[in-house]
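Take a look at the letters that make up each chain.
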Amino acid sequence: MYLGLDIGTSGVKAVLVSDAGATIARSARELALSHPAPLWSEQDPDSWVDAATAAVDNLAARHPHEVARVRGIGLSGQMHGATLLGEDGRPLRPAILWNDGRSQAECAALERRCPSLHAIAGNLAMAGFTAPKLLWVARHEPRIFERVAKVLLPKAYVRYRLTGEMVEDMSDAAGTLWLDVGLRRWSALLLHATGLDLHHMPRLVEGSAASAVLAPDYAQRWGMTKDVVVAGGAGDNAASAIGLGAISPGDAFLSLGTSGVVFRATDRFAPAPETTVHAFCHALPGLWHQMGVMLSATASLTWLAGLMETPAAVLLVPLGKRVDGPSPVSFLPYLDGERTPHNDAGASGAFVGLRGATSRSQIVQAVLEGVAFAARDNLAALGAAGGAITELDLVGGGSRSQLWAQICADALGIPVHRVEDGKVGAALGAARLGRLAATGEDPAEVCTRPRRFASFTPRPSVTAAYDEAYRRWRALYPALKELA
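Residues numbered from 1 in each chain as written. Predicted model: local features only at pLDDT ≥ 70, side-chain atom pairs only at ≥ 80, totals over all residues. Heavy atoms only, no water.

Some words on the overall build of the protein
When its secondary structure is counted, the protein shows 18 helices and 24 strands. Radius of gyration (C-alpha) of the protein: 21 Å, near the 23 Å computed for a compact globule of 484 residues. Viewed in the frame of its principal axes, the protein has a C-alpha envelope of about 65 × 50 × 40 Å. Every one of the 484 residues in the protein was classed for burial, and the buried ones make up 62%. Counting only contacts in the protein whose residues sit at least 6 apart along the sequence, the fraction spanning at least 24 positions is 73%. Roughly 17,800 Å² of accessible area belongs to the protein as shown, and the carbon and sulfur atoms make up 52% of that amount. Computed over 45 positive and 47 negative side-chain charges, the separation of the two mean positions in the protein equals 3 Å. (Helix = DSSP H or I, 4+ residues; strand = E, 2+ residues; numbered from the N terminus. Rg over C-alpha atoms; globule rule 2.2 N^0.38 Å. Buried < 20%, exposed > 50% of the residue type's maximum accessible area, 1.4 Å probe, protein only. Contact = heavy atoms within 4.5 Å. Areas by Shrake-Rupley, 256 points an atom, 1.4 Å probe, with all protein chains shown as cover. Lys, Arg positive; Asp, Glu negative; His and termini not counted. Charge placed at Lys NZ, Arg CZ, Asp CG, Glu CD.)

This is the structure in structure tokens:
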């Protein structure tokens, strides 16, 4: 048996996977976000640990015999979050998350300080990344900065609490702007540009390698043996790729989670910062990947559901399983700024085309389409960075909606496939990495593709209408930016 833990933004998921690769059980716990100021997004690091242990407690209570047989644990997690620890190993402040936009000025400062940043890190300096957050802390909270002993990412903090070891994997480390992504090692030059040194960083391992052993207290708590291996793990999207078997160059998927991602595996470090595409290490040795990233995917629908005080699933019901053309309303899903293609932490969302006769369903449809159009922006950026993508598997919470899948196919103009376990892809990928770390098996034998149980193909007449709607939608950001 193998256990996967996904430390997400809105919640923690745990999945128990058998030796045959089947998901035996799953458990989840919600997390709260804090927005203490405009553009800020923070979480209490200990809430990740509490949620993760509670999720495993639940599995152990329901499936004690299976949990007792766990041999390997893998971790995946939200990327970029700055978890600042003092000498005593305790957090000095709430973690600053991936969707926090306060450090835009520090991004410009970092690019000035380190002209070789793009070549080494493979990415533009963006407010979501970890390094600019530390420059912000140094500028605005100098007393805290002076006390920083270690900087960990979210899943690395959970690992530290579960094992006592401070370790990070290559894929998550690549999202800090401190990693030499091509050489897969910390860059002393990039660290120095943010006032840090190598001793501030955790030890690095590959995602499929053993990083530590589960602490005896937790092993006893869950009825496990004393030698349960904890894998290096992966950032959430690299972990989703492992869960989808996207480990060959060209394999691609669309993730509709809190944020949205178009992901493509590569066999080399292929930076293209001019396109705002991310170039990161994959979770397996000798592999990398490219990503286009939008910051508010299902977060947009969740926001609308909260505003309308109606569950998201209820909002979708009147629209059925497909629509026959675009909504007359357009929606920009930039509720927390945007990365690809705009790199604008200050970008904001908008509805355009509202009239007195506008219905709730037209607004809901506009939100789904706005996210799909943002994915089309990502697809275009990846095309410019390394060639066209001709089909996508769909994962994340948004993958549960047949309606959204068909809208994506029509708006992107390529086939989109729903897959088994798509909703828990990152946690499944983490469990697979836990297995690889425990057994040393060939990744190709473990990281197999899930069954595609539904495929959605573009409908030519509808796609033509979406092409025109996308052209108008693309004009909205620069027009509204001019007015801001």
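Some points on the pairing of strand E23 (residues 416–419)
Residues of E23 alternate between two faces, with Val416 and Arg418 on one and His417 and Val419 on the opposite face, all of them buried. Regarding topology, helix H15 (residues 402–412) serves as the crossover connection from strand E22 (residues 392–395) to the parallel E23, and that connection is right-handed. (Right-handed = clockwise from strand over helix to strand, strands pointing away.)

Considerations on helix H3 (residues 104–113)
For H3, the full list of buried residues reads Glu106, Cys107, Ala109 and Leu110. Summarising the axial view, the buried residues of H3 lie within an arc of 165 degrees, below the 170-degree limit, and thus occupy one face. Taken together, the buried residues of H3 touch helix H4 (117–121), helix H5 (130–140) and helix H9 (188–193). (Arc of directions from axis to C-beta.)

Here's the deal with helix H7 (residues 154–163)
Of all 10 residues that make up H7, nine are buried, and the element is covered over most of its length. Buried residues of H7: Pro154, Lys155, Ala156, Tyr157, Val158, Arg159, Tyr160, Leu162 and Thr163, and no others.

Some thoughts on a nonpolar patch on the surface
A cluster of nonpolar side chains, contributed by Trp303, Leu307 and Leu335, occupies part of the molecular surface with about 270 Å² of accessible area. On the secondary structure map, Leu335 appears in the loop between strand E20 (330–332) and strand E21 (350–352). (Patch = residues over 30% accessible without salt bridge, like charges linked within 9 Å, V, L, I, M, F, W, Y side chains within 5 Å. Salt bridge = Lys/Arg side-chain N within 4 Å of Asp/Glu carboxyl O.)

Quick notes on the environment of Ser300
Residue position: Ser300 is located in helix H12 (residues 298–308). Spatially, the C-alpha atoms of Ser300 and Gly349 are 9.2 Å apart, while their sequence positions differ by 49 residues. In this structure Ser300 touches Phe331, Pro333, Leu335, Val367 and Val371, once residues within four positions along its chain are discounted.

Description of the sheet that holds strand E24 (residues 452–456)
Strands sit in the order E18-E19-E17-E16-E22-E23-E24 across an open sheet of seven strands; the sheet is mixed. On the outer flanks of this sheet lie strand E18 (278–281) and E24, each paired with one strand and no other. Recorded for the sheet is a direction-independent mean angle of 30 degrees between the axes of neighbouring strands. Sheet analysis places E22 next to E23, joined by three bridges and oriented parallel. Looking at the pairing, Asp393 lines up with His417 of E23. (Pairing = 2+ DSSP bridges. Axes fitted to C-alpha atoms, helices over the stretch in contact; angles between N-to-C directions.)

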